[in-house]
Amino acid sequence: MALPPAVEKTTAQLPAALRQELEGYLRTLQEVESEIYREAETTHGEVPRDEFLLVVVIWRLYSQVEGQRWIMQNSLEIASEFGAGGFRAGRLRFSGTSDDTTELQELHRSFDRWLHQQKLDFIRLADGPRDVLEGLRQAHNAAS
Amino acid sequence: MPPVEVEQLSAALRKFVRRHKTQFEALSERRSQLLEIGALMIAARHYELLGYDVRLHNPKGSDIRVKLGTRGDPWNFSYFEVVGGSRRFEIHTNLPVRDAVGTKGARYVADVVVAPAGKVPKRFEKRRREWRALPNDSLVTFLEAKALVIYPMLIAQFIGIVHELRPEFLRDQRPKGFVEEGHFDPALVSLGYLHGTCWNIVKGFEKRGIRIGIVAQFDSAIANLNRGGTQSPLTTDGANPNSGQNEDIEF
């Protein structure tokens, strides 16, 4: 099943590897979409499909930023606890002040602000597409 | 007017991604590099959530060094020690392990390995010169970390590794004390999603007595811990929807 144009236009902006992974995920998700809607007791009339899939894209991107931030933050906390300067794994080296760390923190902060501006704060607490759909359903109910 | 105007939101997201293009590119490039560090951290966090005391041992230099790949000796890299009462284990990365049937020269390198404390030589130990791999009976459990979409062949490959290292987990036989000590079943953790062709395979594991974990979208599981989640994504009780031991698979 083809992805909605608004979703494809968005994923086209992403780096190739992220785009590929995300589009594959959305196509798989579409196979169980009706089940997810049924479990959330929601209809496409309440939350349109393109809206759901677009917000799933946002959730996945935010999860990736948050996941990397957790790894770096935890690693650095442990490093600091034991008096270590940073983390080294193969060619990757990061510390509390390295570019990787500060860039990721900045991206996370910007993403948080952006979610707030878009009134999508519930994304920050979502565990998966079901929570995303539930959040959208509640937003629609509150608006009606 | 609906709370989310799709075209407007799509345009806003595209603008956001363009503005942070460099950071999103770095995010994409860093994913696989951080994967094994993330797997190590999750394993340590798993034991911490169960009340174990987790200690880092850092043998060399001022940086924490994580072993990636097969090269290098384990005593030159950092590892975690987990202590709970009289129970002591160690968590190492990319550690060679002997197979379950004692095949001469056979060594499998698992991404994250849990072993009883003291089974991997440390600095200044003479016996380290002869050490080649962890004896199979010292392997408690392990993780394999991938940055791939989980297709049936990836699951089959992981089952093959479990078969060679700890086949009892494929015969519904966890070692004595395994659950009581809070260990996690051997698990495949992946940044990729679980492809639709795998859903019924994973759902069928419980009935078939296959005690392994399949954790898809590992970064989302990690993000949950970042929000203060208290449930390890690595389990033995089937509570984790991604573990493959539950009827509900998290998409």
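Residues numbered from 1 in each chain as written. Chains lettered and ligands numbered in written order. Predicted model: local features only at pLDDT ≥ 70, side-chain atom pairs only at ≥ 80, totals over all residues.

### Describing the overall build of chain A
- When helices and strands are counted, chain A shows 6 helices and 2 strands.
- Its helices and strands in sequence order give chain A the pattern α-α-α-α-β-β-α-α, from N to C terminus.
- For chain A, the spread of C-alpha atoms along the principal axes amounts to about 55 × 30 × 25 Å.
- Scored against the burial criterion, the 144 residues of chain A give a buried share of 42%. (Helix = DSSP H or I, 4+ residues; strand = E, 2+ residues; numbered from the N terminus. Buried ≥ 20, exposed ≤ 12 C-beta atoms within 10 Å, placed from the backbone.)

### Looking at the sheet that holds strand β3 (residues 79-84) of chain B
Residue and element names in this part refer to chain B.
- Strand order across the open sheet formed by 7 strands is β1-β3-β4-β5-β6-β7-β8, with mixed pairing between neighbours. The sheet is open, and its two borders are formed by β1 (53-57) and β8 (213-215), each paired with just one other strand. For this sheet the average axis-to-axis angle between neighbouring strands, irrespective of direction, equals 25 degrees.
- Note that strand β6 (residues 141-146) and strand β7 (residues 187-190) share 4 bridges and pair parallel. Its bridge partner lying in β7, Glu144 is registered against Leu188.
- Lying on the sheet, helix α2 (residues 21-49) is in contact with β1, β3, β4 (87-98), β5 (107-116), β6 and β7; it crosses β5 at an angle near 25 degrees. (Pairing = 2+ DSSP bridges. Axes fitted to C-alpha atoms, helices over the stretch in contact; angles between N-to-C directions. Contact = placed C-beta atoms within 7 Å.)

### Here's the deal with the pairing of β7 of chain B
- Residues Ala187 and Val189 of chain B line one face of β7 of chain B and the alternating positions Leu188 and Ser190 of chain B line the opposite face, and both faces are buried.
- What joins β6 of chain B to β7 of chain B is helix α3 (residues 152-165) of chain B, and the crossover it makes is right-handed. (Right-handed = clockwise from strand over helix to strand, strands pointing away.)

### Some details on the packing of helix α4 (residues 49-81) of chain A against helix α5 (residues 99-117) of chain A
Residues and elements named next belong to chain A.
- The interhelical angle for the contact between α4 and α5, taken along N-to-C directions, is 140 degrees, at an axis separation of 10 Å. With respect to α5, the element α4 is oriented oblique. Between α4 and α5 the crossing geometry is left-handed. Here α4 contributes Tyr62, Val65, Glu66, Gln68, Arg69 and Met72 to the contact with α5, which in turn contributes Thr101, Leu104, Leu107, His108 and Phe111.
- Each residue belonging to the contact of α4 with α5 can be placed in one class, and the counts come to 6 nonpolar, 3 polar and 2 charged. (Parallel < 35°, antiparallel > 145°, perpendicular 65-115°, else oblique. Left-handed = near helix turned anticlockwise from the far one by under 90°. Nonpolar A, V, L, I, M, F, W, Y, C, P; charged D, E, K, R; others polar.)

### Looking at the sheet that holds strand β2 (residues 63-66) of chain B
- Across the sheet, which stays open at both edges, the 3 strands sit in the order β2(A)-β1(A)-β2(B) with mixed pairing between neighbours. The sheet is open, and its two borders are formed by β2 (92-95) of chain A together with β2 of chain B, each paired with just one other strand. With strand direction ignored, the average angle separating the axes of adjacent strands in the sheet is 15 degrees.
- Along the sheet face, α2 of chain B touches β1 (86-89) and β2 of chain A together with β2 of chain B and points at about 115 degrees away from the line of β1 of chain A.

### So, the nonpolar core
- By size, the foremost hydrophobic cluster in this structure holds 110 residues, and its most contacted members are Val55 and Ile58 of chain A together with Val113 of chain B.
- Val55 of chain A has contacts with Leu120, Val132 and Leu136 of chain A together with Val4 of chain B, leaving out every residue within four places of it along the chain. (Core = buried A, V, L, I, M, F, W, Y, C linked by C-beta atoms within 7 Å.)

### Topic: the environment of Phe158 of chain B
- Mapped onto the fold, Phe158 of chain B is located in helix α3.
- For the pair Phe158 of chain B and Ala187 of chain B, spaced 29 residues apart in sequence, the C-alpha separation works out to 8.4 Å.

Purely geometric numbers; function is a separate question.
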